[in-house]
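Working through the structure, step by step
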Amino acid sequence: MPAEDTVFYVLYDKYMFWSILVAIFTFGWLFTAMLRYRDGVEPDTTGIDHIEVGAFPVDRHNTKLEAMFYILPTILVVWLTVLALGSNTAVWNPDTEDSFEIQINAYQWYFEFEYTEPLTWEDTGTGIDVDWSPTTGLLSINFANGSNADTIEVKYTTDEGVDKTEYNVSGMQEFQQGEAFWLTKHSQHIKVFDADGVLVHTWEHIPVNHKLITPSDPMIVPCDELIDASMNSKGIEGDDRNVGVQHAFWVPEWGMKEDFVPGLEAGTTLYFMPDDAGTFPIRCAEYCGLQHSVMTGEVKVVARDNQTCEADTGVKKSESDSSNNYDGGEM
């Protein structure tokens, strides 16, 4: 969701259109009147179009024209107000019944993302498809023709501990593993690498209460869903990671920011709906101490397992590449 895809960016375009239209009419009439009725121009002696400089023509006026000068601007202002209020409603009062909820905690000097509901996601468009059943534990991976998959890393957690194994799949069309065991209450992932060790495909299950911490971990959210992010900076009793300073969660490419306010019991809430898969930078926009500049992270927008990020969210998308992968560099 680049900034040009957001509700307020679209609103800006609408305001700019009407502003240019009004400016053309207003300044066009202004300069016409200045040239036509400037001092030194011979007055019209016929009286049909006579204007005396410095005098208001009280004896001759056009009631309909004067009323139009009041009515049309009023209609325009009301229309622009409706547009603005509609955008505010869409952003600050959305229907959260089917939203994806996530808790964001701010500390010195990192963000912590705590999942209040599970998320299972998989890369799309890589020619690789992972099917892992939580009931049978059967793991099946299909590789399309031309796939450059060489090795896969399978990590799954049981009540006894973590098991991470690697398999060589070079030249395979399908890989199956019946011994792998998937518990939905634990974090699981499958990563596919090419012969050079470059990650080419990821499948991951994030369980409830799982935590990701910046800068090493990105915040992972599903696309085409309303995200209900609760901001907490009040601290927890006995938790010395929070010293009561203010932070601000800022995604500059989305043009959105929300403050973490210490002592605010209910915290703050941020709603957004990402419509494009990709990785976007996170910054802290509130000075929070000596290492404020290193309080960075990323938000990764992904497609849920067996879904894509092609739904129409109602906001016009840009023509440019929407992946916006961040390489180092507020709807």
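Check the entry above for the structure.
**Concerning the packing of aromatic side chains**
In total, this model carries 13 aromatic pairs according to the counting rule given. Through a chain of ring-to-ring contacts, the aromatic side chains of W132, Y156, W182 and W203 assemble into a single cluster.

**Points about the environment of T120**
Inspection of the secondary structure assignment puts T120 in strand β3 (residues 119-122). Among the residues examined, T120 registers a relative accessible area of 17% and is labelled buried. Leaving out residues up to four positions away in the same chain, T120 has contacts with W182, W203, E204, H205, R304 and D305. Of note is the side chain of T120, whose polar atom sits 2.8 Å from the side chain of H205.

**Digging into the nonpolar core**
In this structure, I104, F111, F113, Y115, M219, F249 and F272 are the most contacted members of the largest nonpolar core, which totals 35 residues. Sort the elements by how many residues they give to this core and strand β1 (residues 100-107) lands first, with four residues. Among the nonpolar cores identified, the runner-up in size contains 17 residues, and I152, V154, V169 and W203 belong to it.

**Some remarks on the state of the cysteines**
Linking two cysteines covalently via their sulfur atoms produces the bond known as a disulfide. Applying the stated criterion to the full structure yields one disulfide. Each sulfur of the disulfide joining C223 and C309 lies 2.0 Å from the other. Between C223 and C309, the S-S dihedral sits near -95°, and the bridge is therefore left-handed. Here C223, found in the loop between β12 (219-222) and β13 (227-232), pairs with C309, found in the segment after β18 (296-302); they are 86 residues apart in sequence, far enough to count as distant. With respect to burial, C223 and C309 carry one shared label: buried.

**Considerations on the side chain of H292**
Along the chain, the position of H292 falls in the loop between β17 (278-284) and β18. Polar contacts involving the side chain of H292 include one to the main-chain carbonyl oxygen of E286, which spans 3.1 Å. With sequence-adjacent residues up to four places away left out, H292 is seen in contact with W109, C284, A285, E286 and Y287.

Thresholds, definitions, all that
- Residue positions within a chain follow its written sequence, with the count starting from 1.
- At least 70 in pLDDT is required for a residue's local features to be given in this predicted model, at least 80 for side-chain atom pairs to be given and counted, and no such filter applies to totals for whole chains, interfaces and linings, which use all residues.
- Neither water nor hydrogens contribute to the side-chain values; these are computed over all heavy atoms in the structure.
- Centres within 6.5 Å are what make two rings of Phe, Tyr or Trp a pair, Trp counting through its six-membered ring; a difference in plane orientation under 30 degrees is then read as stacked, over 60 as edge-to-face, and the rest as tilted.
- Counting from the N terminus, the helices are DSSP H or I runs at least four residues long and the strands are E runs at least two residues long.
- Throughout, exposure labels follow a simple rule: accessible area from a 1.4 Å probe, protein chains only, divided by the maximum for the residue type, with under 20% read as buried, over 50% as exposed, and the rest as partly exposed.
- By the convention used here, residues are in contact when the closest approach between their heavy atoms is within 4.5 Å.
- Under this definition, polar contacts are N or O atom pairs within 3.5 Å; protein pairs additionally need one hydrogen-donor-capable and one acceptor-capable atom, and for neighbouring residues in sequence, both atoms have to be side-chain atoms.
- Among buried residues, the Ala, Val, Leu, Ile, Met, Phe, Trp, Tyr and Cys ones that are joined through side-chain atoms within 4.5 Å form a nonpolar core.
- Any two cysteine sulfur atoms lying within 2.5 Å of each other are counted as a disulfide.

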